[in-house]
Amino acid sequence: MSEPQRLNVGSVNAELLGVKLPFGLVLDAIRVKGHALDICSEPLKFAMKKAAILEVEIGPASLANFLESKSPGGLKNFSVEIRDGLIEINATKKVILDLKVVCICKLRIVESRQIWVDLERVEVMGGSLTSLIQSQLEDMNPVFDSADLPIPSTLSTVEMDAGVVMIRGTVSPPK
């Protein structure tokens, strides 16, 4: 058996597209930019020797597909808009007739590693589903955890504008 090969890379600018997390959410892009990457062949392992910049991008179609697959609270036919620091989720709920439901949400970072969804308001024609939606969110939170990434990472900002959710942070070198 041959000895593991090591490769030292001076700088890295990597983009991973369509990354599906274990619980089903697809990240449109993960970008890592930094210096001093160490690669070992057996087992295949990547490690940053210095902290690097991390960007995670999630678009409205990915969020809508994820929600459709989970069907929280029996909601269906999801569409998502991201703008002005908010996420607007449109869906329908079958209660004899299809009711249009609009949820306005914000995202926040918890403990520099998780993204949680906070419900701002719910608009429903013909009734109130706020408590149902809130309980579904409590079951789904956190919606993103950097522990699900294959590299140790911390999160610093989450922005919702220009049609995408952009999460920024750092990739940490191993301790």
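Here, residues in each chain are numbered from 1, in the same order as that chain's written sequence. With the structure being a predicted model, the display of local features is reserved for residues of pLDDT at least 70 and the display and counting of side-chain atom pairs for 80 or more, all residues being used for whole-chain, interface and lining totals. Based on all heavy atoms of the structure, the side-chain values leave hydrogens and waters out of the count.

### Details of the overall build of the chain
- To qualify as a helix, a DSSP run of H or I must reach at least 4 residues; to qualify as a strand, a run of E must reach at least 2; elements of each kind are numbered from the N terminus. Looking only at helices and strands, the chain features two helices and 11 strands.
- Counted from the first residue to the last, the chain has its helices and strands arranged as β-β-β-β-α-β-β-β-β-α-β-β-β.
- Across its three principal axes, the chain shows a C-alpha extent of roughly 65 × 35 × 25 Å.
- Put simply, the chain has 175 residues, and 42% of those count as buried.
- In this description, contact between two residues means that some pair of their heavy atoms is separated by no more than 4.5 Å. Considering only contacts within the chain whose residues lie at least 6 apart along the sequence, 48% involve residues at least 24 apart. Only protein chains enter the accessibility calculation, which uses a 1.4 Å probe; a residue is then buried when its area is under 20% of its type maximum, exposed when over 50%, and partly exposed in between.

### A few points about the side chain of Asn 90
- Checked against the element boundaries, Asn 90 lands in strand 6 (residues 86-95).
- Owing to a relative accessible area of 11%, Asn 90 belongs among the buried residues under this scheme.
- Looking at Asn 90, its side chain comes within polar contact range of the side chain of Glu 88, at 3.2 Å.
- Contact partners of Asn 90, with chain neighbours within four places excluded, come to Asn 77, Phe 78, Ser 79, Lys 100, Val 101 and Val 102. Definition of a polar contact: a pair of N or O atoms within 3.5 Å, with one able to donate and the other able to accept a hydrogen when the atoms are protein atoms, and with sequence-neighbouring residues admitted only if both atoms are side-chain atoms.

### Some words on the sheet that holds strand 8 (residues 114-124)
- Only strands that DSSP links by at least two bridges are regarded as paired with each other. Spatial strand order, 5-6-7-8-9: five strands in an open sheet with antiparallel pairing. Edge positions in the open sheet fall to strand 5 (75-83) and strand 9 (144-145), since each of these has one partner strand only.
- Across nine bridges, strand 6 lies against strand 7 (residues 97-110) in antiparallel orientation. Note on strand 7: the bridge partner recorded for Glu 88 is Ile 104.
- Lines fitted to C-alpha atoms define the axes, with helix axes restricted to the stretch in contact, and inter-axis angles between N-to-C directions lie between 0 and 180 degrees. Across the sheet, helix 1 (residues 60-70) touches strand 5 and strand 6, and the angle it forms with strand 5 is around 155°.

### Examining helix 1
- Turning to helix 1, its buried residues are Ser 62, Leu 63, Ala 64, Phe 66 and Leu 67.
- Positioned one or two residues after helix 1, Ser 71 has a phi angle of 45°, which is positive.

### Observations regarding the environment of Leu 119
- Examined against the element boundaries, Leu 119 turns out to sit in strand 8.
- For Leu 119, a relative accessible area of 16% corresponds to the buried category.
- Separated by 35 residues in the primary sequence, Leu 119 and Asp 84 place their C-alpha atoms 15 Å from one another.
- Setting aside anything within four residues of it in sequence, one finds Leu 119 in contact with Cys 103, Ile 104, Cys 105, Thr 130, Ile 133, Gln 134 and Leu 137.

### A look at the packing of aromatic side chains
- Aromatic contacts are taken between Phe, Tyr and Trp rings whose centres are within 6.5 Å, Trp giving its six-membered ring; a plane angle under 30 degrees counts as stacked, one over 60 as edge-to-face, and the others as tilted. A full pass over the atoms with the stated rule returns one aromatic pair.
- With a centroid separation of 5.7 Å and 80° between ring planes, the pair formed by Phe 23 and Phe 66 is classed as edge-to-face. Here Phe 23, found in the loop between strand 1 (6-20) and strand 2 (26-40), pairs with Phe 66, found in helix 1; they are 43 residues apart in sequence, far enough to count as distant.
- Under the relative-accessibility criterion, Phe 23 is labelled partly exposed at 26%.

### Quick word on the pattern of salt bridges
- By definition here, a salt bridge exists when the distance from a side-chain nitrogen of Lys or Arg to a carboxyl oxygen of Asp or Glu is within 4 Å. Here the structure, examined in full by the defined rule, presents 12 salt bridges.
- The residue Glu 55 makes a salt bridge to Arg 31 at a minimum N-O spacing of 3.7 Å. Placement of Glu 55 in strand 4 (residues 52-58) and of Arg 31 in strand 2 is noted, with a sequence separation of 24 residues between them.
- Residue Glu 55 is classed as buried on the basis of its relative accessible area of 16%.
- Look at Arg 31 and you get buried, because its relative accessible area is 18%.
- Residue Glu 88 is joined to Arg 83 by a salt bridge in which the shortest nitrogen-to-oxygen separation is 3.1 Å.
- Taken together, the shared-partner salt bridges connect Glu 15, Arg 31, Glu 55, Glu 57, Glu 159 and Arg 168 into one network.

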